[in-house]
Amino acid sequence: MSCPPQEPDQPPSPYEPPPGEPGRSGPPPGYEQQYGQPGQYGPPPGYEQYGQPGQYGQPGQYPGQPPPGRATNILAVLSLVFAFVFPPAGIVFGHVAKQQLRRTGEEGDQLATWGLILGYLFTAIGLLACCGWMALAIWGSSGGGSSYN
């Protein structure tokens, strides 16, 4: 394939072989000695040193990885949540969670304890607020001698 003659002020085309060298196909000289014959497939050198897959335990576990932790008791979590939402339910969930934790050995003892503490605290504050409101209502309805009749 011949190309049109190039102008002397134009740079040589990167797609054409250099002048004086016929067009070649195939790898450059010395390629086979450096990289091996083309078409050799298989594992790279040194691959065998890693061993066969599955030799190191369960899938998804890596060497040095700690075993999975114990599960957290759901009633202990609910005890803490309901201590803020509806404190009497937080107290009930806390006591039931404590019984289950003694029996099963799950995580969540501190959650259940804080659910109980906050549940009792907020229940007491709620009862004091209700009693205070009732006392104010009774005192206000006594009239103190004035009447709107």
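All values derive from a computational prediction rather than experimental measurement. (Residues numbered from 1 in each chain as written. Predicted model: local features only at pLDDT ≥ 70, side-chain atom pairs only at ≥ 80, totals over all residues. Heavy atoms only, no water.)

Engineer: What should I look at first to understand the nonpolar core in this one?
Structural biologist: The tendency in soluble globular proteins is for nonpolar side chains to be buried as a group. Ranked by size, the top nonpolar core spans five residues in total: Leu75, Ala76, Ala97, Leu101 and Ala112. Elements with a minimum of two residues in this core: helix 2 (74–85) and helix 3 (87–104). Residue contacts for leucine 75: discarding those within four places in its chain leaves Phe93, Val96, Ala97 and Gln100. (Core = buried A, V, L, I, M, F, W, Y, C linked by side-chain atoms within 4.5 Å. Buried < 20%, exposed > 50% of the residue type's maximum accessible area, 1.4 Å probe, protein only. Helix = DSSP H or I, 4+ residues; strand = E, 2+ residues; numbered from the N terminus. Contact = heavy atoms within 4.5 Å.)

Engineer: Would you explain the side chain of asparagine 73 in this entry?
Structural biologist: By secondary structure assignment, the location of asparagine 73 is in the loop between helix 1 (31–35) and helix 2. On the accessibility criterion, asparagine 73 (1% relative accessible area) is buried. The residues contacting asparagine 73, other than those within four sequence positions of it, are Ala97, Gln100, Leu101, Glu106 and Glu107.

Engineer: Explain helix 2 here, please?
Structural biologist: Compared with an ideal rise of 1.5 Å per residue, which puts 12 residues at 16 Å, helix 2 spans 16 Å between its outermost C-alpha atoms and is within 8% of the ideal. Regarding helix 2, the residues found buried are Leu75, Ala76, Ser79 and Ala83. Projected onto a plane normal to the axis of helix 2, the buried residues spread over an arc of 105° and lie on a single side. Facing away from the buried side of helix 2, by more than 90 degrees, are the exposed residues Ile74, Phe84 and Val85. (Expected span 1.5 Å × (residues − 1). Arc of directions from axis to C-beta.)

Engineer: I keep staring at the pattern of salt bridges and nothing clicks. Help me out?
Structural biologist: If charged atoms from side chains of opposite charge come close, those side chains can pair. Scanning all chains against the criterion turns up two salt bridges. With a shortest N-O distance of 2.5 Å, arginine 70 and glutamate 107 are connected by a salt bridge. Note that arginine 70 is positioned in the loop between helix 1 and helix 2 and glutamate 107 in the loop between helix 3 and helix 4 (109–141), a separation of 37 residues in sequence. Among the residues examined, arginine 70 registers a relative accessible area of 55% and is labelled exposed. (Salt bridge = Lys/Arg side-chain N within 4 Å of Asp/Glu carboxyl O.)

Engineer: I'm lost on helix 4 in this one. Help?
Structural biologist: Structural remark: α-helix, 3.6 residues per turn; residues separated by three or four positions point the same way. In a regular helix each residue adds 1.5 Å, so 33 residues correspond to 48 Å; helix 4 covers 48 Å between its end C-alpha atoms and thus fits that length. Taken as a whole, helix 4 has its buried residues at Ala112, Gly115, Leu116, Leu118 and Gly119. Among the structural elements, helix 2 and helix 3 are those in contact with the buried residues of helix 4. Among the residues trailing helix 4, glycine 143 stands out with phi positive, at a value near 90°.

Engineer: Looking at this structure, how should I read the side chain of serine 79?
Structural biologist: Looking at the secondary structure, you find serine 79 in helix 2. You can call serine 79 buried: its relative accessible area is 0%. A distance of 3.1 Å separates a polar atom in the side chain of serine 79 from the backbone oxygen of glycine 90. At a separation of 3.4 Å, a polar atom in the side chain of serine 79 contacts the main-chain amide nitrogen of glycine 94. (Polar contact = N/O pair within 3.5 Å; in protein donor to acceptor, adjacent residues only side chain to side chain.)

Taken by themselves, the reported measurements are silent on function.
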